[in-house]
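Understanding the architecture of this molecule
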Amino acid sequence: MSTAILSRIRDVMKNVGYKSRPIQALIVTNHDAHMSEYLADCDRRLEYVSGFSGTAGVAIITEDEANMWTDGRYFIQAAKEMDSNWKLMKLGVHGTPTEGAWLSKKLKEGDLVGTDPRLIPYPVWLNLESELVHSGIKLVPLSINFVDEIWKDRPLLENKAIKPLGINYAGETSASKVKRVWKIMKDKSADMVVLSALDDIAWLLNLRGQDISYNPVFFSFLVVTANELHLYIDEQKITESIKDHFKQDNLPIEFHSYNSIYSSLESMVNDVKKVWICRSASFEIYKTFPESKRVCECSPIAVMKAVKNEVEVQGMRNAHIKDGVALCRYFAWLEKSMADNIELTEISAAEVLEGFRKEEADYIGPSFHTISSTGPHAAITHYIPKPASDRALSLNEIYLCDSGAQYLDGTTDVTRTVHFGMPTEFQKNCFTRVYQGVVAIAAAKFPYGIKGNCLDSFARKPLWDVGLDYKHGTGHGIGSYLFVHEGPMGISWRPYPDDPGLQPNMFLSDEPGYYHEGEFGIRIENIVQIVPAKTTYTMRSGELNFLTFTTITMCPIQTKMLEINLLTDLEINFLNDYHKKIRNTLGPILKERGFSDVYRWLEKETAEVVKYRN
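Reading guide: rules and limits
Residue indices follow the written sequence of each chain, beginning from 1 at its first position. In keeping with the predicted nature of the model, local features appear solely for residues at pLDDT of at least 70, side-chain atom pairs appear and are counted solely at 80 or more, and the whole-chain, interface and lining totals rest on all residues. Excluding hydrogens and water, the side-chain values take into account all heavy atoms of the structure. In this analysis a 1.4 Å probe is tested at points of a 1 Å grid over the protein atoms alone, and where it fits but cannot get out there is a cavity; an open set with protein on both sides within 12 Å along at least five of seven lines is a pocket; lining residues have an atom within 4 Å of a point. Grid points are joined across faces, edges and corners, and a volume is the space filled by probe spheres set on the points. Here the term charged refers only to Asp, Glu, Lys and Arg, the term nonpolar to Ala, Val, Leu, Ile, Met, Phe, Trp, Tyr, Cys and Pro, and the term polar to all other amino acids, Gly among them. The source of the domain bounds is an automatic or database domain assignment. Here a strand is any run of E in DSSP of at least two residues, a helix any run of H or I of at least four, and the numbering for each starts at the N terminus. By definition, residues are in contact when any of their heavy atoms lie within 4.5 Å. For helices, the axis comes from a line fit to the C-alpha atoms of the stretch in contact; other axes are also lines fit to C-alpha atoms, and the angle between any two N-to-C directions lies between 0 and 180 degrees. Roughly parallel refers to an angle under 35 degrees, roughly antiparallel to one over 145, roughly perpendicular to one between 65 and 115, and oblique to any angle outside these ranges. Throughout, a crossing is termed right-handed when the near helix is turned clockwise from the far one, and left-handed when it is turned anticlockwise from it by less than a right angle. Under the scheme applied here, a residue whose accessible area is under 20% of the maximum for its type counts as buried, over 50% as exposed, and between as partly exposed, the area being computed with a 1.4 Å probe on protein chains only. UniProt positions are given in the numbering used here, feature names are shortened, and annotations may be inferred rather than shown by experiment. When DSSP finds two or more bridges between two strands, those strands count as paired. We count a salt bridge whenever a side-chain nitrogen from Lys or Arg sits within 4 Å of a carboxyl oxygen from Asp or Glu. The pairing test for Phe, Tyr and Trp rings, Trp by its six-membered ring, is centres within 6.5 Å, and the orientation test on the planes gives stacked under 30 degrees, edge-to-face over 60, and tilted for anything in between. Counted as over-ring charges are cases with an Arg CZ or a Lys NZ within 6 Å of the ring centre that also lie within 35 degrees of the ring normal. Accessible area, probed at 1.4 Å, shrinks when two parts are joined; the buried area is that loss added up over both. N or O atoms closer than or at 3.5 Å make up a polar contact, with two conditions inside protein: a donor-capable atom paired with an acceptor-capable one, and, for residues adjacent in sequence, both atoms drawn from side chains.

1. Comments concerning the layout of surface pockets
Considering only enclosed or pocket space, the second largest pocket measures out at about 570 Å³ in volume. What lines the second largest pocket is a set of 26 residues, among which Asp43, Arg154, Leu157, Tyr258 and Asn259 lie closest to the centre. Counted by class, the lining of the second largest pocket contains 11 nonpolar, 4 polar and 11 charged residues. In this structure, the lining of the second largest pocket is formed jointly by two domains, domain 1 (1-150) and domain 2 (163-306), each of which donates at least three residues.

Right, dumping it as structure tokens:
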């Protein structure tokens, strides 16, 4: 129960407060100092106070209430994980107030709302502050973290090594990348950029770490000035190999202790004319510089890294071929095991998949915790199997597996939904409509630079036609041996504020779904690459180029879950072409490596589908 934790937090709110004044509300975010989606154990403050382990959430604690705001991906999970002290506030559901609106109604004029300014993005702070000011309520930056004050057994951060990423994987030297950044800075009249997003720093410097599970990054800040770089990091990580890496690139870089970043920035205020503050930066960084000196825009690295170079493109394709071999071995084994009545659970099955991936070249580890879910668990969008919840796989239930891997040459993320027995007609209808959404995105043609938000409804229409929907986005960007969820673009019903427009060699997921609470869940997820499209006509001006997607994920879609006669010719042709591509790519590899049973399974699963006609 969270009763004791909430009681201790309320004591700190009352007795420590803000400048000797009690605060009436405390905001606990689910961020670290770098606004990372996935957190190290020492930064999981939201889970500590509430029990909720999802990646998106905001808690507000007052003297007599504790509320949790989260989005539709986590409604079921949050309700299961939180105890009766907490009230779930469902973001996006009609009637749910924003955090600011709720605080404005709950508190009175002159009350204080506090939060750690290092753990909240500055745009979120500014929006919340503007909502509260109209009610005479003040949002204040706390000099200490109140959760840390009571979290006596808070895990320590381990000192883990970082390694250079070779040019054969990165495709561009860090020196070349920095020169590009300097040019962008000059165009924006900025003489300094402050980088706090961990994947931005790892990509720019061609380094990878292991400070956060599943994410090959390391805790650091990077300040780029007009002629040098300043890296704030645990200096024990700077080994001779790291120093040699920078010497080889001839990068003018200085090293500073990680915790000195804030005082260091304060010392730079008078000397800097214009400083680029990225939208992912914390309010603590933002407030250090006066408004007249700020350039507040999306990180220049975010856009650079989203458009993969030719080496990264080939690496992503290679990674998905290797991953396809592991996935085909897994689903072939799983199907046979279920037919042989071998007892399997969500956890034991996922462990076998991990074993197959380990056999592939350049494999590092999972890119996130595998969502191995059967029956009602599949309806929990981001379900993570644990010993207490581990459920046996069954011939009578849908099985959904969302998994991914980190390879030195790329990152993967794939979801397949299968049934080892006889699916119901309703399940097949839902699966078919989800598949139609996948094709609607994959086959779409769209103008260069269009925002991903414009494509989202393409995937939802087959479900909307029968009154169904899903509560997550349709697609996210994906890194190259980096974060499995990468911005700044995406495909969602909610606009991505920093989406630069879709461009060739961006990679995104294509993942519609449907979730029937308490019974089953369906999701099909492929990774797609943006490529030039062939169109029937060309605009007379010749200025408008069109793009489309090509699917690089290599894993069959279970055809027995489809209602073939609901499909259009385009959707059937897409399926057959996709399956032929998988068979032609993976088949020779499977045969060469002696996986004849997997090859026979692949032939069966990719057999041509024909629509029945009267």
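2. Considering the environment of valine 434
By secondary structure assignment, the location of valine 434 is in helix H16 (residues 425-442). Those residues in contact with valine 434, other than ones at most four positions away along the chain, are Leu463, Pro512, Gly513, Tyr514, Ile522 and Ile524.

3. Here's the deal with the packing of helix H4 (residues 99-106) against helix H5 (residues 122-133)
The N-to-C vectors of H4 and H5 enclose an angle of 30°; their axes lie 9 Å apart at closest approach. Considering the angle they form, H4 stands roughly parallel to H5. H4 and H5 meet at a crossing whose hand is right-handed. Between H4 and H5, the contacting residues are Glu99, Gly100, Ala101, Leu103 and Ser104 on the first element and Leu128, Glu131 and Leu132 on the second. Looking at the contact of H4 with H5, its residues break down into 4 nonpolar, 2 polar and 2 charged.

4. Here we look at unusual backbone geometry
Trans peptide bonds make up most of the peptide bonds, and negative phi angles are found at most residues other than glycine. Omega for the bond connecting glycine 487 with proline 488 falls within 30 degrees of zero, at 5°, which places this linkage in the cis form. The phi dihedral of serine 20 falls on the positive side, at around 70°, and the residue is not glycine. Relative to the assigned elements, serine 20 resides in the loop between helix H1 (3-15) and strand E1 (25-29). Overall, serine 20 belongs to the exposed group, its relative accessible area being 73%.

5. So, the UniProt feature "domain: Peptidase M24" (unreviewed entry) in the chain
Summarizing the sequence annotation, UniProt attributes the feature "domain: Peptidase M24" (unreviewed entry) to residues 315-530 in the numbering used throughout. Split by type, residues 315-530 is 30% helix and 25% strand. Its first and last C-alpha atoms lie 15 Å apart.

6. A word on the sheet that holds strand E17 (residues 398-403)
Strand order in the open sheet formed by 3 strands is E16-E17-E20, with antiparallel pairing between adjacent strands. Both edges of this open sheet fall to strand E16 (371-374) and strand E20 (414-419), since each of them pairs with a single strand only. Neighbouring strand axes in the sheet, compared pairwise and without regard to direction, differ in orientation by 10° on average. Bridge count for E16 against E17 is 4 bridges, and the pairing is antiparallel. Within the sheet, the bridge partner assigned to serine 372 lies in E17 and is cysteine 401.

7. Details of the pattern of salt bridges
All chains considered together, the criterion is met by 34 salt bridges. The residue aspartate 116 makes a salt bridge to arginine 118 at a minimum N-O spacing of 2.7 Å. Of the residues examined, arginine 118 reaches a relative accessible area of 29% and is grouped as partly exposed. Arginine 357 serves as the salt-bridge partner of aspartate 323, at 2.7 Å between the closest nitrogen and oxygen. Separated by 34 residues along the polypeptide, aspartate 323 in helix H14 (residues 310-339) and arginine 357 in helix H15 (residues 346-358) bring together distant segments of the chain. Taking relative accessible area as the criterion, arginine 357 reaches 2% and is therefore assigned buried. A single salt-bridge network, built from bridges that share partners, covers Asp199, Asp200, Lys305, Lys308 and Glu486.

8. What about the packing of aromatic side chains?
All chains considered together, the criterion is met by 18 aromatic pairs. Arranged with centres 6.0 Å apart and planes meeting at 45°, the rings of phenylalanine 246 and phenylalanine 255 form a pair that is tilted. When its relative accessible area of 26% is taken as the criterion, phenylalanine 255 is described as partly exposed. Pairwise contacts between aromatic rings join Tyr122, Trp125, Phe283 and Tyr286 into one cluster. Lying across the ring of tryptophan 203, lysine 177 places its NZ or CZ 3.8 Å from the centre.

9. Description of the pairing of strand E13 (residues 275-278)
Residues Val275 and Ile277 line one face of E13 and the alternating positions Trp276 and Cys278 line the opposite face, and both faces are buried. Looking at chain direction, strand E8 (residues 192-195) and E13 are connected through 3 bridges and run parallel. Residue pairing for E13: valine 194 is matched across the bridge by isoleucine 277. Pairing of E13 with strand E14 (residues 294-297), which is carried by 4 bridges, proceeds in the parallel orientation. Its bridge partner lying in E14, tryptophan 276 is registered against valine 295.

10. Quick look at the domain arrangement of the chain
According to the domain assignment, the chain contains domain 1 (1-150), domain 2 (163-306) and domain 3 (310-606). Of note, the centres of domain 2 and domain 3, computed from C-alpha atoms alone, are 33 Å apart. Summing both sides of the interface, domain 2 and domain 3 together bury roughly 1,900 Å²; the carbon and sulfur share of this comes to 62%. Of all residues in domain 2, Tyr169, Tyr214 and Ala306 give up the largest surface area on contact with domain 3, accounting jointly for 37% of the area buried on that side. With a closest N to O distance of 3.8 Å, glutamate 486 and lysine 305 form a salt bridge. Remark: the boundary between domain 2 and domain 3 carries 6 residue pairs in polar contact (both at pLDDT 80 or more). Every element with two or more residues in the side of domain 2 that touches domain 3 is listed here: helix H7 (167-170), helix H9 (198-205) and helix H13 (300-306).

11. Points about the pairing of strand E27 (residues 526-532)
Consecutive residues of a regular strand have side chains that alternate between opposite faces of the sheet. Of all 7 residues that make up E27, 6 are buried, and the element is covered over most of its length. Direction of pairing for strand E24 (residues 507-510) relative to E27: antiparallel, over a ladder of 4 bridges. The residue bridging phenylalanine 507 from the neighbouring strand is glutamine 529, located in E27. Where E27 meets strand E28 (residues 546-551), 5 bridges bridge the pair, whose relative direction is antiparallel.

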